[in-house]
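Chain by chain, the residues:
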Amino acid sequence: MTSTSAPTPGRPLAAALAEAAETAGHAPSIHNTQPWRWRVGTDALDLYADRSRSLPATDPDGRMLLTSCAAALHHAQVALAAEGLLTAVELLPTPAEPDHLARVTITGTAPVTPEAVRLVQAIGMRHTDRRPTIEEELTADQIEQLRQAAAAQGVHLHRLTPDQTTELAVAVSRAEDVAAADPALVAETTRWTGGDRPDGTGVPADVIPDRRPQTDVGERDFAVPGTLRIGGEHDKHAAYVVLFSDTDEPRDWLRAGQAMSAAWLRATELGIAVLPFSQVIEVDATRQLLRRMLADLGYAHLVLRLGIADPDHVGPPRTPRLDAAHTIEIDPAARAAGPAV
Ligand SMILES: Cc1cc2nc3c(=O)[nH]c(=O)nc-3n(C[C@H](O)[C@H](O)[C@H](O)COP(=O)(O)O)c2cc1C
């Protein structure tokens, strides 16, 4: 994890960039696939998709892959801000070069703000929480703070009404049925929850509830028994929000990932538990249902469940991460010298 001190004069930029890429490894990703690869240059950090850890049956268009990579991108931005480094971020994918996702360039230095310090600390605490939430409503102000965090990344965040939550539950259950009927998809899920997945990836049993939680909207079925102990309460106070934007291009999926990360880190600071629901987006038919539910306001990219986690039950442990050597490559020129901060 990066330190929260002011920029160290004379320190090679490449060292700060490599450290930010390492911090970005803590980002959430679909099935914990961590489908990113970083290239550290003398004064820039390039982000690539690593399709060797993609989910062709679950996520054929790569929506969740890009959303996950962009969560890592936002984590890297947060890490650099906490080092007092100002950045410019270009989102890059084109049909000719779909896997070169983004470039982060250092544009200057600035004093480290308390907000930057809080956000980078949230990276170390953030996790996915599949436990039912407790009897405490989120306040309108809390939701507003998350909305602003997403809006700063160019993405809208809408809290579903009770009627829309009921519609979401129907759509999620339909998406679950579609997934369960597809043997390739079930095999893929099983691979990333228990099968022959790369070391340091996947969703371990100890973050999956030991029984089906009582929730308004059914959680994803990971097709393996979990061991995370949960209480028997119903999460009727959970809030469901949808991240959406005006267009539905790969750059929008990247912005959605940055917004997810921004809202999630803010939620972590506020003590709010977060669970993404992506199956309903992965399945074409139910993604269209969500679009209609948003009354054609925009294109849905991800649903998040928000709530207060039960403090009487031990939370889920940390999920594993790939060794940085698998995801970070340092250019020989950057290794040699490169400009200093
Ligand atoms: C784009 C995206 C989609 C996700 N979709 C789901 C989902 O549908 N159901 C679920 O239980 N977790 C979902 N997750 C959470 C991941 O499984 C989780 O981030 C990963 O296992 C790493 O664990 P951590 O978030 O605790 O670090 C999603 C995460 C991302 C980034």
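In case you missed it, the structure is sitting above this.
Structural notes, computed from the coordinates. Since the model is a prediction, treat every value here as computed from it, not as a measurement.

Thresholds applied
Residues numbered from 1 in each chain as written. Predicted model: local features only at pLDDT ≥ 70, side-chain atom pairs only at ≥ 80, totals over all residues. Heavy atoms only, no water. Axes fitted to C-alpha atoms, helices over the stretch in contact; angles between N-to-C directions. Helix = DSSP H or I, 4+ residues; strand = E, 2+ residues; numbered from the N terminus. Parallel < 35°, antiparallel > 145°, perpendicular 65-115°, else oblique. Left-handed = near helix turned anticlockwise from the far one by under 90°. Contact = heavy atoms within 4.5 Å. Nonpolar A, V, L, I, M, F, W, Y, C, P; charged D, E, K, R; others polar. Phe/Tyr/Trp six-rings, centres within 6.5 Å; stacked < 30°, edge-to-face > 60°. Buried < 20%, exposed > 50% of the residue type's maximum accessible area, 1.4 Å probe, protein only. Lys NZ or Arg CZ within 6 Å of the ring centre and 35° of its normal. Expected span 1.5 Å × (residues − 1). Near = heavy atom within 4 Å. Polar contact = N/O pair within 3.5 Å; in protein donor to acceptor, adjacent residues only side chain to side chain. Areas by Shrake-Rupley, 256 points an atom, 1.4 Å probe, with all protein chains shown as cover. Domains from an automatic or database assignment.

1. Re the packing of helix H2 (residues 63-81) against helix H7 (residues 250-269)
At a minimum axis distance of 7 Å, the contact between H2 and H7 shows a crossing angle of 50 degrees. Here H7 runs oblique to H2, going by the angle between their axes. The interaxial crossing formed by H2 with H7 has right-handed handedness. Listed contacts from H7 to Arg63, Leu66, Thr67, Ala70, Ala71, Leu73, His74, His75, Gln77 and Val78 of H2 are Pro250, Trp253, Leu254, Ala256, Gly257, Gln258, Met260, Ser261, Ala262 and Leu265. Taken together, the residues of the contact of H2 with H7 break down into 12 nonpolar, 7 polar and 1 charged.

2. Thoughts on the packing of aromatic side chains
Considering all chains together, one arrives at 1 aromatic pair under this definition. The interplanar angle of 70 degrees and the centroid separation of 5.9 Å between the aromatic rings of tyrosine 240 and phenylalanine 277 together place this pair among those described as edge-to-face. You can see tyrosine 240 sitting in strand S6 (residues 239-245) and its partner phenylalanine 277 sitting in strand S7 (residues 273-277), a full 37 residues away along the chain. Taking relative accessible area as the criterion, phenylalanine 277 reaches 6% and is therefore assigned buried. The aromatic ring of tryptophan 264 is capped on one face by arginine 126, whose charged end is 4.5 Å from the ring centroid. A cation over an aromatic ring shows up here: arginine 291 above the ring of tyrosine 299, its NZ or CZ 3.9 Å from the ring centre.

3. A word on helix H3 (residues 114-125)
The end-to-end C-alpha separation of H3 is 17 Å, in line with the 16 Å expected for 12 residues at 1.5 Å each. On its buried side, H3 packs onto helix H1 (13-24), H2 and H7.

4. Description of the site of the ligand
Taken together, the neighbourhood of the ligand is formed by 22 residues, with Arg126, Thr128, Arg130, Arg220 and Arg321 sitting nearest. In this structure, an oxygen atom belonging to the ligand sits 2.7 Å away from a side-chain N or O atom of arginine 321. Notes on the ligand: free accessible area 610 Å², of which the protein chains cover 97%. Mapped onto the shell around the ligand, the elements with two or more residues apiece are H2 and S7. Taken together, the residues of the shell around the ligand sort by class into 9 nonpolar, 9 polar and 4 charged. The residues that make up the shell around the ligand include at least three from each of domain 1 (13-126 + 321-336) and domain 2 (140-307).

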